[in-house]
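Commentary on secondary and tertiary structure
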Amino acid sequence: MSLAQKKNRTAQLPPNVNRILLVKNLSFKITSEEMYDLFGKYGAIRQIRMGSEPKTRGTAFVVYEDIYDAKEACDHLQGFNVMGRYLVVLYFQTNHKSKRTDLSKEEERVENLRKQYNSMNRDEEYDMN
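Predicted model, so just to flag it, every value in this text is computed and none were measured.

This part covers the pairing of strand β1 (residues 20–24). Pairing between β1 and strand β3 (residues 60–64): 4 bridges, direction antiparallel. The residue bridging I20 from the neighbouring strand is V63, located in β3. Of the strand pairs in this sheet, β1 and strand β6 (residues 88–91) are connected by 4 bridges, and their pairing is antiparallel. The residue bridging K24 from the neighbouring strand is V88, located in β6.

What follows is the structure in structure tokens.
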């Protein structure tokens, strides 16, 4: 590792950077071995998950062991031409899905709070009399 690379590893990363990359616009013909060869140049890879369903084909998740390797891969491979297609490489953001709540569970929680609040109000009225 060169001195410049070591210096970059001590720099603070933006909050959206993480070890998981979302890769879009992949050729349907690309193999997992070719993905490991392409993304493995930037560091140790923990896992690559390629879309196999009709809705997810042409996309993949690449999980690196080190966050700095993921940042370097994202910086260098964004817009890179692979098999006649330009890659779209993004940091995977987990918070989009986790913010969605089940409507029925939320309605049940609100109803329980209403019951609890109403019973508290009744108790206060009895104490005043």
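In this structure, S27 sits in the loop between β1 and α2 (32–39). Here S27 falls in the buried class, since its relative accessible area comes to 14%. In this structure, S27 is in contact with M83 and R85, ignoring residues within four places of it in sequence.

Turning our attention to unusual backbone geometry. Outside of glycine, negative phi angles account for most residues, and trans bonds account for most peptide bonds. With a phi close to 65°, N25 is a non-glycine residue in the positive phi region. Locating N25 in the fold gives a position in the loop between β1 and α2. At M83, a residue that is not glycine, the phi angle is positive and equals roughly 55°. With respect to the helices and strands, M83 occurs in the loop between β4 (81–82) and β5 (85–86).

Counting 22 residues, the largest nonpolar core has L21, M35, F39, V62, Y64 and L87 as its most contacted members. Contributing elements (two or more residues each) for this core: β1, α2, β2 (45–50), β3, α3 (67–77) and β6. Among the elements that make up this core, the one with the highest residue count is α3 (4 residues). Residues in contact with L87, not counting those within four places in the same chain, are V23, K24, N25, L26, L38, F39, L77, Q78, G79, F80 and V82.

To continue, consider α3. Here α3 has its buried residues at D69, A70, A73, C74 and L77. An end-on view of α3 places all buried positions within 135° of arc, on one side of the element. Of the residues flanking the end of α3, it is G79, one or two places downstream, whose phi is positive at about 80°.

A few words on the sheet that holds β1. Backbone-to-backbone hydrogen bonds join strands into a sheet, with any given pair of strands oriented parallel or antiparallel. Strand order in this open sheet of 4 strands is β2-β3-β1-β6, and the pairing throughout is antiparallel. Whereas interior strands pair on both sides, the edge strands pair on one side only; in this sheet they are β2 and β6. Strand-to-strand twist in this sheet, taken as the mean axis angle between neighbours without regard to direction, amounts to 20°. Sitting on the sheet, α2 is in contact with β1, β2 and β3, with an inclination near 135° to β2. α3 contacts β1, β3 and β6 of the sheet and is inclined by roughly 150° relative to β6.

What counts and what doesn't
Residues numbered from 1 in each chain as written. Predicted model: local features only at pLDDT ≥ 70, side-chain atom pairs only at ≥ 80, totals over all residues. Heavy atoms only, no water. Pairing = 2+ DSSP bridges. Helix = DSSP H or I, 4+ residues; strand = E, 2+ residues; numbered from the N terminus. Buried < 20%, exposed > 50% of the residue type's maximum accessible area, 1.4 Å probe, protein only. Contact = heavy atoms within 4.5 Å. Core = buried A, V, L, I, M, F, W, Y, C linked by side-chain atoms within 4.5 Å. Arc of directions from axis to C-beta. Axes fitted to C-alpha atoms, helices over the stretch in contact; angles between N-to-C directions.

The values are spatial; any link to function lies outside them.
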